[in-house]
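Structural overview for review
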Amino acid sequence: MNILILAGGSGTRLWPASRRKQPKQLMHFIGDKTLLQNTYNRFKGFARPGQIYVGTLKNYAGAIQKQLPQIPKKNYSLEPTLKDRAPAIGLAALIMHHDNPESCFVTAWSDHYIKEEAKYLAMLRKAEKFLKANPEQTITVGIAPSFAHTGMGYIEKGKMIKSIPGLAMNHVYAFKEKPDLKTATRYIKSKKYLWNSGYFIWKTSTLLDLYKKHLPEIYALLMEIKPALGTKKQQASIDKIYPRMPKLDIEKGLIEKLTNRMVITADFSWADVGSWKVVKDALSPNSNLIKGPWVGIDTADSLVYNYTKKLVATAGTKDLIIVVTPDVVLVANKDSAEDIKKLTAMLEANPQWKKFL
């Protein structure tokens, strides 16, 4: 099985540490490796370097190659501009299919945290075995929700599939957009819903056939790129044709239209490292999480990431997110961490402040 590491996001909710020129996947948030390196290391012993592909923005390629020199340069799917996940996954699938028409792959996000990696890899091995016997299927992975998360998409489970040893697998009844709190609470109480992890498993040939049927505009553009694959003109062709792609998400654009779709309920701890609250809860759920110079009195359940030599001092505080970089200081309530994306939108709208993005 190939691994497709998707590493093109900008990580606006982890601002001001994550910036346009230094996105979150290239930074250290958890442990002594970057999020990207942690993702790559997860697959050691499961896949050879030649089986690992990277889908990312062309502008990030040099930095990623420095962090992951093991991956062949031909295994990069370099997008000249962001067009969302349907075009991005389609382009990467086209490249993998060119390398091996019999290949299958799983999408792996460069900013996810998985604690029990052995369980995760065991699940992938079983899913690969199932896919080889059922190559027409689309397989996704859902996470049993631990709270009424309004920042996640949800998967509504259908009938259970009982013939898969070692896998809790169901048909997918529906994909749901990010809900409001009332709806998310109802989802949790029903026990019929899973968080959508964004992990998908396909044969490359099956996926391209699905694009041909359900996403003909994207498929036609991929076929324009196809003759240049493996030649010196490959990237020039992508740079010319890819910007014409529609901006489209994979669930709404494709998967909601399918009937052959299955969901595996994960049995491992998982977190999408998309906000400071997630970093805090993943590493230190019941105490302070500190990085860099800090001193505090009566400070509880807070995150302090100080990327400077300045001293951060706190007193009588609780549930805070404090991030200090050489040019920005962020102070936020832990439960308002999702609003940081709104702050970056304010910066984008003000020419005087855009330099801080």
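In this report, the structure presented in the accompanying data block is examined. Every value quoted in this text rests on a predicted model; they were computed, and no experiment measured them.

1. Here's the deal with the overall build of the protein
When its secondary structure is counted, the protein shows 11 helices and 17 strands. Taking 21 Å as the expected radius of gyration for a compact globule of 357 residues, we find that the protein reaches 21 Å, a close match to that expectation. By principal-axis analysis of the C-alpha atoms, the protein measures approximately 60 × 50 × 40 Å. Entry remark: accessible area of the protein is about 16800 Å², with carbon and sulfur atoms responsible for 54%.

2. What about the packing of aromatic side chains?
Tallying each qualifying case throughout the model produces 12 aromatic pairs. Between Phe 147 and Trp 195, the aromatic rings sit 5.4 Å apart at their centres with planes inclined by 75°, giving edge-to-face as the arrangement. Taken as a pair, Phe 147 in the loop between β6 (138–143) and β7 (154–161) and Trp 195 in strand β9 (residues 193–203) lie far apart in primary sequence, 48 residues in all. Given the relative accessible area of 6%, Trp 195 is considered buried.

3. Quick look at the packing of helix α6 (residues 204–214) against helix α7 (residues 216–225)
Taken N-terminus to C-terminus, the directions of α6 and α7 make an angle of 125°; their axes are 6 Å apart at the nearest point. The orientation of α6 relative to α7 falls into the category oblique. Here Leu 208, Tyr 211, Lys 212, Lys 213 and His 214 of α6 lie close against α7, whose contacting residues are Pro 216, Ile 218, Tyr 219 and Leu 222.

4. A short note on unusual backbone geometry
In the segment running from Trp 15 into Pro 16, the intervening peptide bond is cis, with an omega of 10°. Along the chain, the position of Pro 16 falls in the loop between β1 (2–6) and α1 (35–42). The backbone of Lys 191 sits at a positive phi, close to 60°, despite the residue not being glycine. You can see Lys 191 is positioned in the loop between α5 (181–190) and β9. One non-glycine residue, Asp 298, adopts positive backbone phi at about 50°. Within the fold, Asp 298 resides in strand β13 (residues 294–300). On the accessibility criterion, Asp 298 (61% relative accessible area) is exposed.

5. Details of helix α10 (residues 276–283)
Think of an α-helix as turning once every 3.6 residues; residues three or four places apart then point the same way. Among the residues of α10, Trp 276, Val 278, Val 279 and Lys 280 are the ones counted as buried. In this structure, the buried side of α10 is in contact with β11 (270–272), β12 (289–291), β14 (303–306), β16 (320–324), β17 (329–333) and α11 (340–349).

6. Here we look at the environment of Glu 156
Tracing the backbone shows Glu 156 in strand β7. Separated by 107 residues in the primary sequence, Glu 156 and Val 263 place their C-alpha atoms 9.3 Å from one another. Not counting residues within four places of it along the chain, the set of residues in contact with Glu 156 comprises His 171, Val 172, Tyr 173, Ala 174, Lys 176, Lys 192 and Tyr 193. Engagement of the side chain of Glu 156 in a polar contact is seen with the side chain of Tyr 193, the distance being 3.4 Å.

7. Things to note about the side chain of Asn 2
For Asn 2, the position within the fold is in strand β1. On the accessibility criterion, Asn 2 (9% relative accessible area) is buried. Ignoring any residue separated from it by four or fewer positions in sequence, one finds Asn 2 in contact with Gln 51, Tyr 53, Met 96, Ser 103, Cys 104, Phe 105 and Val 106.

8. Side note on the sheet that holds β12
Strand order in this open sheet of four strands is β12-β14-β16-β17, and the pairing throughout is mixed. Each edge of the open sheet carries a strand with a single partner, namely β12 and β17. Averaged over all pairs of adjacent strands, the angle between their axes in this sheet comes to 5°, without regard to strand direction. As defined by bridge partners, β12 adjoins β14 across three bridges and the pair is classed as parallel. Following the sheet pairing, Ile 290 is matched in β14 by Val 304. Strands in contact with α10 are β12, β14, β16 and β17; relative to β14, the strand with the most contacts, it is inclined by about 110°.

9. Looking at the side chain of Ser 77
Of note, Ser 77 is situated in strand β3 (residues 76–79). Those residues in contact with Ser 77, other than ones at most four positions away along the chain, are Val 54, Gly 55, Thr 56, Ala 88, Leu 91, Ala 92 and Ile 95.

10. Observations regarding the pairing of β6
Within a regular beta strand, the side chains point alternately toward one face of the sheet and then the other, so they alternate between its two faces. Burial of β6 is extensive: six of the six residues sit out of reach of the surface. By the alternation rule, side chains of β6 split into Thr 138, Thr 140 and Gly 142 and Ile 139, Val 141 and Ile 143, which are all buried. In this structure, β6 lies alongside strand β10 (residues 261–265), joined through five bridges in parallel fashion. Paired with Thr 138 across the bridge in β10 is Arg 261. Across four bridges, the pairing between β6 and β9 is antiparallel. Each bridged residue has a counterpart across the sheet, and for Ile 143 the counterpart in β9 is Trp 195.

11. Quick look at the pattern of salt bridges
If charged atoms from side chains of opposite charge come close, those side chains can pair. Inspection of the entire model under this criterion finds 18 salt bridges. We note a salt bridge from Asp 111 to Lys 24, for which the minimum N-O separation is 2.6 Å. Taken together, the residues span a long stretch of sequence, with Asp 111 in the loop between β4 (104–109) and β5 (112–114) and Lys 24 in the loop between β1 and α1 at a distance of 87 residues. Side by side, Asp 111 and Lys 24 carry an identical accessibility label, which is buried. For Glu 102, the salt bridge goes to Lys 203, with nearest N and O atoms at 3.2 Å. Pair noted here: Glu 102 is in the loop between α3 (85–99) and β4 and Lys 203 is in strand β9, with a separation of 101 residues, a long-range link. Residues participating in the shared-partner salt-bridge network are Lys 277, Lys 280, Asp 281, Asp 301, Lys 334 and Asp 335.

What counts, and where the lines are drawn
- Residues numbered from 1 in each chain as written.
- Predicted model: local features only at pLDDT ≥ 70, side-chain atom pairs only at ≥ 80, totals over all residues.
- Heavy atoms only, no water.
- Helix = DSSP H or I, 4+ residues; strand = E, 2+ residues; numbered from the N terminus.
- Rg over C-alpha atoms; globule rule 2.2 N^0.38 Å.
- Areas by Shrake-Rupley, 256 points an atom, 1.4 Å probe, with all protein chains shown as cover.
- Phe/Tyr/Trp six-rings, centres within 6.5 Å; stacked < 30°, edge-to-face > 60°.
- Buried < 20%, exposed > 50% of the residue type's maximum accessible area, 1.4 Å probe, protein only.
- Axes fitted to C-alpha atoms, helices over the stretch in contact; angles between N-to-C directions.
- Parallel < 35°, antiparallel > 145°, perpendicular 65-115°, else oblique.
- Contact = heavy atoms within 4.5 Å.
- Polar contact = N/O pair within 3.5 Å; in protein donor to acceptor, adjacent residues only side chain to side chain.
- Pairing = 2+ DSSP bridges.
- Salt bridge = Lys/Arg side-chain N within 4 Å of Asp/Glu carboxyl O.

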